[in-house]
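# A structural walkthrough
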Amino acid sequence: MNYDFRDIEAKWQKYWAENETFRAINDSDKPKFYALSMFPYPSGAGLHVGHPLGYIATDIYSRYKRHKGFNVLHPMGYDSFGLPAEQYAIQTGQHPAITTENNIKRYREQLNRLGFSFDWSREVRTSNPGYYKWTQWIFIQLFNSWYNKSSDKAEAIEGLTSIFEKEGNATVEAVCDEDTPSFGAAEWNAFSEKEKQEILLKYRLTYLADTEVNWCPALGTVLANDEIVNGVSERGGHPVIRKKMTQWSMRITAYAQRLLDGLNKIDWPQPLKDSQTNWIGRSEGASVTFNVIPNEGVTSSAVEKSDTIEVFTTRPDTIFGVSFMTLAPEHDLVGKITTPEQKAEVEAYVEATAKRSERDRMADVKTISGVFTGAYAEHPFTKEPVPIWIGDYVLASYGTGAVMAVPCGDQRDYDFAKHYNIAIPNIFEGVDISEEAFADKATTIIANSDFLNGLSYKEATKKVIAELEKIGHGVGKVNYRLRDAVFSRQRYWGEPFPVYYVDGMPQMIDLEHLPLKLPEVEKYLPTETGEPPLGNATTWAWDAKNNKVVSNDLVTLNAVEGSDKGDEMLNQVQHDGIYPLELNTMPGWAGSSQYFNRYMDPRNDEAIFSPEAIGYWQDVDLYIGGSEHATGHLLYSRFWQKFMFDRGYVPKDEYAQKLINQGMITGTSAFIYKDLDSNKVYSKGLKEGKNVIPIHADVSLVNASDELDVEAFKKWQPEYKDAEFILEDGKYIVGREVEKMSKSKYNVVNPDAICEEYGADSLRLYEMFLGPLEQSKPWNTAGITGVHSFLKKLWRLFEVIEDKEPTADNLKTLHKTIKKVEEDIENFSFNTSVSTFMICVNELTAQKCTSKAIFEQLAILVSPYAPHIAEELWSRLGHTKSIAEAPFPKFEEKYLVESSKEYPISFNGKMRFKLELPLDMGKDAIEEAVLAHEKTQEQLQGRTPKKVIVVPGKIVNIVG
């Protein structure tokens, strides 16, 4: 009987779907296990063979835990909001919902074909209103919360207003905006409603603020730092500039220390923990205030005596070495303090810096650039003037956007001072700084520093902070590199904010009226007046009296606010209870920040999840996904989880106990070599010495000998139809290079083609066989034939099935396989399990095993890895139910215990032959058996041995 994998796989996929074999329940006597893969963005290109790697690993472990008696939750869904669908909508006019639906359908077909044990009854889509209703709900909870430093957690905003009413804010220990004013209870109670809301916005965990953002004009939206690569957008490679905009932000900085501390109690990869630790960037030091010196050349309305520059420094002990200050070009004071003589140069520098991303500026450590503002600050101790410069190596989003430059103790400051001929005073005892800065804190002895002379780093730091606090110019402080997270996008295809505006202040839509659904728009581009695409909606205003979205054709609410007539009309409309809705949408990470909890109760329309569901599942036991999300999704979702924990919605403040970052599968790219000086394209061996650039070619146009089908290539890339391809021996040989598998590199392999030719089980086994889960490994389609041959051999092993007792050798082979496979799965060493299966099948084949008892156990062992063939073999063994719930084989040591020992028999220390004897045979019996053996008699030739040395279990030596 042939191994017809196509029919077998289709049969069991249909069976699993119809019988909901992998459906989890929220109330079970079984122990729970929650296995999760990061859900995908459904792109139009579908899956390539690199995508399923993590899914296969999670699926193996999920199936294994079912066999071990667990109630397993293994869900899947789609992160279906995002830029690609919207870009396609802009280009074609097709609604993003349509392309997203088509892409999801394609993904679902591919995922089903790979035989994953997903509970599809729990599928979520972030773009589904029933899902993003709860994303909107969490946003509202954040808006209605503040962070109490005293209790070290988020609390309801009503508690804060209660304090304000009774005491004002003098005694409140809260995370809030730095410019939050002080007020007493009487002042608070006298504030207008709008003034109170403005104050509360400075405390809320999600708030509106003017923020420096990464603005991508081509995409018409703000990008997060991790969406920018080499100064351009990761999606499309478009230029990105820095721009100040009013944005919704999340006060993630309130959780900085807890996010750091939480890393100590979760089993996540150390490199990922290090990424988050560095991103959060905790450092201890001092906040120091420098007064700006009013400049006669600047208008009196500009620099004032009250203007100060606050810096954070980890080296306050070096304060007497300050010889200049550097502000970020975006710093609020730059325009105010710059002298007329320096204005043109400063403005040009600021404009140029705006075109560079923060990441680009941080990475560029070689370029030295800056401009003097013409202004000075006063040193807090010496009272000497300190020149104020701007430089793009200082970031407005890090610290205070200002640094006190100590060139003798910091190499970047040293290089800057040398470049611009700024003084470099030496404040270190016995140290030569003629060639470079000195930054060794451990051996620092301070000099030329007044009251700090002769002190070590630690002593000087402690003393200078005390002196700064005494004169009112600084305090000891812990600082974090982490900034509050911008939470707005100027795009259409994202979650609408449940926000409308009354008198310019944000108001939340009540939960009972959620979800606030995306309106229809004719254009997906910003409006003519530069507003986000939602400004194109004709029905996008909130009727607060009737709690519904209404048409705004009475007044173009968002276009007329700037005109007198518009304000008059707007006031009239608002007086009637109709208010403008928020035009921004939420960013890409919004929908992924609680999806793991929503899976627990995804059809619940009354709550994000029931207390019973979250109480049963608690958290994710195993999470598998890419390390590229370390400082994006994996940080933001931890923040949201801690907030949800503070407010009592979830029982755990970390949502995933264990995380594994799977490596990537790389592809072997193909290259042609285009001559820049002519219309020629050189073959690989002829490109040397030519002025050529490598161009990616689709690997499907290249054969196993690296020969390109030139005519097919010209059809694929018509711009090369007239190019002259310079051949080697009549062939065009491409260059090869291993790169990340990506459709942009044309090196992808479609899993559909692999499943069609070899089957899903072969693909699953091969992806695991390639190497350790966490490592990157190259794809080579030719290699899949080995695992496919193994499956055919496994199939043949089951051709004869007999109800007879297994032999000792059968049991030994089975139980060493059980032991190894169980250890491998528990250690996520899936690649070595595949090798173990191959050895097992080879041994059982050699033993001519036909025992049903052995085959049943083997089918279960194979099932997590190759579920389709395992189900079919299980059925052939006479079972009518799925193998999925069959108990995992139990390893028994006794079958590996040897019952006999092959003794080396030596004569006068030289081994002459071997003799197998029972392990439990006593010393005297061993001696008797050896002396009676015919080979011993041949060696002795009638002599009586002088001595027989027997070491049971080891050796026998006959001394003649």
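In short, a report on the structure. (Residues numbered from 1 in each chain as written. Predicted model: local features only at pLDDT ≥ 70, side-chain atom pairs only at ≥ 80, totals over all residues. Heavy atoms only, no water.)

Attention now moves to the packing of aromatic side chains. Under the defined criterion, the tally for this structure stands at 69 aromatic pairs. Geometrically, the ring pair formed by tryptophan 716 and tyrosine 746 is edge-to-face, given 4.8 Å between the ring centres and 90 degrees between the ring planes. Placement of the pair is tryptophan 716 in helix H20 (residues 710-716) and tyrosine 746 in the loop between strand S29 (735-740) and helix H21 (751-757), with a sequence separation of 30 residues. Assessed through its relative accessible area of 27%, tryptophan 716 is described here as partly exposed. Among the aromatic side chains, those forming a connected cluster through ring pairs are Phe33, Tyr61, Tyr64, Phe70, Phe828, Phe830, Phe837, Tyr865 and Phe888. Lying over the aromatic face of phenylalanine 143, arginine 204 brings its terminal NZ or CZ to 3.8 Å of the ring centre. (Phe/Tyr/Trp six-rings, centres within 6.5 Å; stacked < 30°, edge-to-face > 60°. Helix = DSSP H or I, 4+ residues; strand = E, 2+ residues; numbered from the N terminus. Buried < 20%, exposed > 50% of the residue type's maximum accessible area, 1.4 Å probe, protein only. Lys NZ or Arg CZ within 6 Å of the ring centre and 35° of its normal.)

Inspection of the secondary structure assignment puts glutamate 234 in the loop between strand S8 (232-233) and strand S9 (241-250). A relative accessible area of 56% places glutamate 234 in the exposed class.

Applying the stated criterion to the full structure yields 46 salt bridges. Here glutamate 86 makes a salt bridge to arginine 491, at a shortest N to O gap of 3.3 Å. Here glutamate 86, found in helix H3 (residues 83-92), pairs with arginine 491, found in the loop between strand S17 (485-486) and strand S18 (499-502); they are 405 residues apart in sequence, far enough to count as distant. Grouping residues by exposure puts glutamate 86 and arginine 491 together as buried. Several salt bridges share partner residues, and in doing so they unite Lys265, Arg638, Lys642, Asp653 and Glu654 into one network. (Salt bridge = Lys/Arg side-chain N within 4 Å of Asp/Glu carboxyl O.)

One can find glutamate 739 in strand S29. Here the side chain of glutamate 739 touches serine 669 through a polar contact of 2.6 Å, side chain to side chain. (Polar contact = N/O pair within 3.5 Å; in protein donor to acceptor, adjacent residues only side chain to side chain.)

Before going further, it helps to spend a moment on the environment of glutamate 728. Its place among the elements puts glutamate 728 in the loop between strand S28 (724-726) and S29. A relative accessible area of 23% places glutamate 728 in the partly exposed class. Taking the C-alpha atoms as reference, glutamate 728 lies 60 Å from threonine 246; in sequence the two are 482 residues apart. For glutamate 728, the side chain forms a polar contact with the main-chain nitrogen of glycine 685, separated by 2.7 Å.

Moving on, we come to the packing of helix H22 (residues 760-769) against helix H23 (residues 784-797). At a closest axis distance of 9 Å, the pairing of H22 and H23 adopts a crossing angle of 125 degrees. One finds that H22 runs oblique with respect to H23. Seen along the crossing, H22 lies across H23 with a hand that is right-handed. Of H23, the residues touching H22 (which contributes Asp761, Ser762, Leu763, Leu765, Tyr766 and Phe769) are Ile784, Val787, His788, Phe790 and Leu791. Within the contact of H22 with H23, the residues separate by chemical class into 8 nonpolar, 2 polar and 1 charged. (Axes fitted to C-alpha atoms, helices over the stretch in contact; angles between N-to-C directions. Parallel < 35°, antiparallel > 145°, perpendicular 65-115°, else oblique. Left-handed = near helix turned anticlockwise from the far one by under 90°. Contact = heavy atoms within 4.5 Å. Nonpolar A, V, L, I, M, F, W, Y, C, P; charged D, E, K, R; others polar.)

Residues Phe487 and Tyr623 are the most contacted members of the largest nonpolar core, which totals 174 residues. Per-element tally for this core: the top contributor is helix H5 (residues 129-143), with 9 residues. The residues contacting phenylalanine 487, other than those within four sequence positions of it, are Phe139, Trp248, Ser249, Met250, Phe497, Thr585, Met586, Pro587, Trp589, Ala590 and Trp640. Val292, Val322, Ile388 and Ala402 belong to the second largest nonpolar core, which has 39 residues in total. (Core = buried A, V, L, I, M, F, W, Y, C linked by side-chain atoms within 4.5 Å.)

With that out of the way, let us pick up empty space enclosed by the protein. Here the idea is plain: a probe the size of a water molecule rolls over the atoms and shows the empty space left. Taken as a whole and judged by the stated rule, the model has 3 cavities of 30 Å³ or more. The space that makes up the largest cavity amounts to roughly 90 Å³. In terms of residue class, the lining of the largest cavity is built from 5 nonpolar, 5 polar and 5 charged. In this model, the second largest cavity occupies a volume close to 50 Å³. Taken together, Tyr131, Trp134, Thr135, Ile138, Ala590, Gly591, Ser593, Gln594, Arg598, Ile608 and Trp640 make up the lining of the second largest cavity. For the lining of the second largest cavity, the element with the most residues is H5, which contributes 4 residues. A per-class count over the lining of the second largest cavity returns 6 nonpolar, 4 polar and 1 charged. (1 Å grid on protein atoms, 1.4 Å probe; cavity = no way out; pocket = protein on both sides within 12 Å on 5 of 7 lines; lining within 4 Å. Points joined across faces, edges and corners; volume = space filled by probe spheres on them.)

A separate point is the pairing of strand S31 (residues 900-907). Taken together, the 8 bridges between S31 and strand S32 (residues 910-918) define a ladder with antiparallel strand orientation. Across the sheet, serine 900 pairs through a bridge with proline 918, a residue of S32. Linkage of S31 to S32, two consecutive antiparallel strands, is achieved through a turn of 2 residues, within which asparagine 908 is found at a positive phi near 50 degrees. Pairing of S31 with strand S34 (residues 955-959), which is carried by 3 bridges, proceeds in the parallel orientation. Among the inter-strand pairings, isoleucine 905 is bridged to a residue of S34, identified as valine 956. (Pairing = 2+ DSSP bridges.)

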